[in-house]
Amino acid sequence: MYNYAIAALTLALACSNGAEPTPGGNGDVDLRLVEVAGGFSSPIYVTAPAGDPRLFVVEQAGRIRIVENGQLLPTPYLDIAARVGSGGERGLLSMAFHPQYRTNGFFFVYFTGTNGEIRIERITVSANPNVANSTSAKVILTVPHPRGNHNGGLALFGPDGMLYLGLGDGGGGGDPDLNGQNQNTLLGALLRIDVDSGDPYAIPASNPYAARNDAKREIWAIGLRNPWRFAFDREAGNLYIADVGQGALEEVNVVSSARAGVNYGWNVMEGSACFNASSCNRQGLELPALEYNHAGSACSVTGGFVYRGAAIPEIAGHYFYGDYCAGFVKSFKYQNGAPTAERTWAFGNIGNVTSFGLDAAGEIYITAGSRIYRITKAA
């Protein structure tokens, strides 16, 4: 997820009402954060089904909570804490609603089990729309994980209807198991599976290794260290992956979402720099669209989303991201193959930025500490 254990840090939170946009560029607007609800325990993801005004908040310990009409409902939507190995970078890390959730009631959870393994399960909503049927859980994928860190963490449906899963390299420093460049492991990779075919899933024929026996056919891309969060911009057709760095560089990668078999470079590269100088061959490796170093207190990139909501047209197309330790929130607009209109938003001291989220209307949320904020236009 990030390089520092959540439980070890005290989160000092104080939200500013204003923002100071960087002069120049497009999207001149003042933004502020509005707290939408409180009372959460380590919230690390926010999402919603299509067309649904509710917010679903993932808590690391193994619960999903609902915010409805601005109020946190007392009964969790889902509670699988007894089956979740939580702490540090482990826990219930995300959820993804099936594109046809309104008719089939399916959603998928990404969590670490009590033995540290990565588990993807499908669960169905009950007759009560605010409570899931926890006994309906169906195991989709289980991946052994040797160490407590670099668990990846995001399950997300792409514009093609496939389920994408971002897995870390298995943990440790410097990829000791050499998983990043190994096509025969699911670790250190972005996976793409078809959960509407097969049992429990099928391999899309367009996956880069779909017809091979010497590679994992679920793989869509390799060379990732810890892709805690990634995002699709359906309007522009791009895939953004924020990959957490080792000790020097944090990176955001941007490629066409239709491009299969990308190698993002780890552990040959960390960002655009050679990580292993004795064997640094950059041929065929995708270099970041944006990177930053660990100057100041920066330590771990937290990927966000591209804004496509209707409330703030001035920032349409801007990709938002943050840093877990530094607590900053920044954005850029990806145009002509490069980041433009880079902005640093002065949201005040909101503490450790653990994740971003989207509601059904495309508005962006930030989780920090025990709080959830929505990015809005300043009055």
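Preceding this section is the structure that the text describes.
Note that this is a predicted model, so its numbers are computed, not measured. (Residues numbered from 1 in each chain as written. Predicted model: local features only at pLDDT ≥ 70, side-chain atom pairs only at ≥ 80, totals over all residues. Heavy atoms only, no water.)

### Points about the pairing of strand E30 (residues 371-377)
Note on strand geometry: in a regular strand, side chains alternate between the two faces of the sheet. Inclusion rule: The pairing criterion for strands is at least two bridges between them, as found by DSSP. Runs of H or I in DSSP of at least four residues are treated as helices and runs of E of at least two as strands, each being numbered from the N terminus.
Two elements, strand E2 (residues 31-37) and E30, share six bridges in a ladder whose sense is antiparallel. If you follow Glu35 over to E30, its bridge partner there is Tyr373. Two strands pair when backbone bridges link them, and strand E29 (residues 364-368) and E30 are joined in this way by four bridges, in the antiparallel orientation. The residue bridging Ala368 from the neighbouring strand is Arg371, located in E30. Hairpin remark: E29 followed by E30, antiparallel, with two residues in the connecting loop; positive phi at Gly369, about 65 degrees.

### As for the nonpolar core
As a reminder, the rule being used: The definition of a nonpolar core used throughout is a set of buried Ala, Val, Leu, Ile, Met, Phe, Trp, Tyr and Cys residues joined through side-chain atoms within 4.5 Å. Only protein chains enter the accessibility calculation, which uses a 1.4 Å probe; a residue whose area is less than 20% of its type maximum is buried, one above 50% is exposed, and one in between is partly exposed. The contact definition used throughout considers only heavy atoms, calling two residues in contact when any of these lie within 4.5 Å.
If you look at the biggest cluster of nonpolar residues, it comprises 95 residues, and the most contacted ones within it are Ile64, Tyr77, Phe107, Leu163, Leu165 and Phe320. Aside from chain neighbours lying at most four places away, what touches Leu163 is Ala96, Phe108, Ile120, Ala155, Leu156, Phe157, Leu191, Arg192, Ile193 and Val195.

### Considerations on the pairing of strand E23 (residues 301-306)
Most of E23 is tucked away, with six of its six residues classed as buried. Where E23 lies against strand E24 (residues 318-323), four bridges are found, and the strand directions are antiparallel. By the bridge assignment, Thr302 is partnered in E24 with Gly322.

### What about the sheet that holds strand E17 (residues 238-243)?
How we decide: Axis lines are fitted to C-alpha atoms, over the contacting stretch for helices. Their N-to-C directions set the angle, which ranges from 0 to 180 degrees.
Strand order in the open sheet made by the four strands is E16-E17-E18-E22, with antiparallel pairing throughout. Because the sheet does not close on itself, it has two edges, and the strands there are strand E16 (229-233) and strand E22 (290-293). Strand-to-strand twist in this sheet, taken as the mean axis angle between neighbours without regard to direction, amounts to 10 degrees.

### A closer look at the sheet that holds strand E26 (residues 338-345)
Spatial strand order, E23-E24-E25-E26: four strands in an open sheet with antiparallel pairing. At either margin of the open sheet sits one strand with a lone partner, and together these are E23 and E26. Across the sheet, the mean angle separating the axes of adjacent strands is 25 degrees when strand polarity is ignored.

### Some points on the pattern of salt bridges
If charged atoms from side chains of opposite charge come close, those side chains can pair. For the record, the criterion: Salt bridges are identified by distance alone: a Lys or Arg side-chain nitrogen within 4 Å of an Asp or Glu carboxyl oxygen.
Inspection of the entire model under this criterion finds 14 salt bridges. Measuring nitrogen to oxygen at the nearest pair gives 2.6 Å for the salt bridge that ties Asp177 to Arg147. Pair noted here: Asp177 is in the loop between strand E13 (163-166) and strand E14 (189-193) and Arg147 is in the loop between strand E11 (132-143) and strand E12 (154-157), with a separation of 30 residues, a long-range link. We classify Asp177 as partly exposed; its relative accessible area is 36%. We classify Arg147 as partly exposed; its relative accessible area is 26%. Beyond isolated ion pairs, a larger network of salt bridges with shared partners links Arg83, Glu117, Arg119 and Glu121.

### Let's talk about the packing of aromatic side chains
For the record, the criterion: Any two of the Phe, Tyr and Trp rings considered here, Trp counted by its six-membered ring, make a pair once their centres fall within 6.5 Å; the pair's planes then place it as stacked at under 30 degrees, edge-to-face at over 60, or tilted in between. Working rule: Lys NZ or Arg CZ, within 6 Å of ring centre, within 35 degrees of ring normal, means a charge sits over the ring.
Scanning the entire structure with this criterion turns up 21 aromatic pairs. Summarising the aromatic geometry, the rings of Trp345 and Phe347 are spaced 6.5 Å apart at their centres and angled 10 degrees between planes, so their arrangement reads as stacked. Across the pair, Phe347 and Trp345 agree in class, each one buried. Of note, Arg225 hangs over the ring of Trp266, and the distance from its end group to the ring centre comes to 5.6 Å.

### Comments concerning the state of the cysteines
By definition, a disulfide links the sulfur atoms of two cysteines through a covalent bond. Formally: The disulfide definition used here is simple: a pair of cysteine sulfur atoms within 2.5 Å.
Evaluated as defined, the whole model comprises two disulfides. The disulfide partner of Cys274 is Cys280, and the gap between their sulfur atoms is 2.0 Å. Judged by the sign of its S-S torsion, about -75 degrees, the bond between Cys274 and Cys280 is left-handed. Given the relative accessible area of 24%, Cys280 is considered partly exposed. Between the sulfur atoms of Cys299 and its disulfide mate Cys325 the distance is 2.1 Å. Handedness here is read from the sign of the S-S torsion; for Cys299 and Cys325, about 80 degrees, the answer is right-handed. Taken as a pair, Cys299 in the loop between E22 and E23 and Cys325 in the loop between E24 and strand E25 (329-335) lie far apart in primary sequence, 26 residues in all. Indicated for the protein chain is the disulfide connectivity 1-2, 3-4, based on numbering the bonded cysteines in sequence order.

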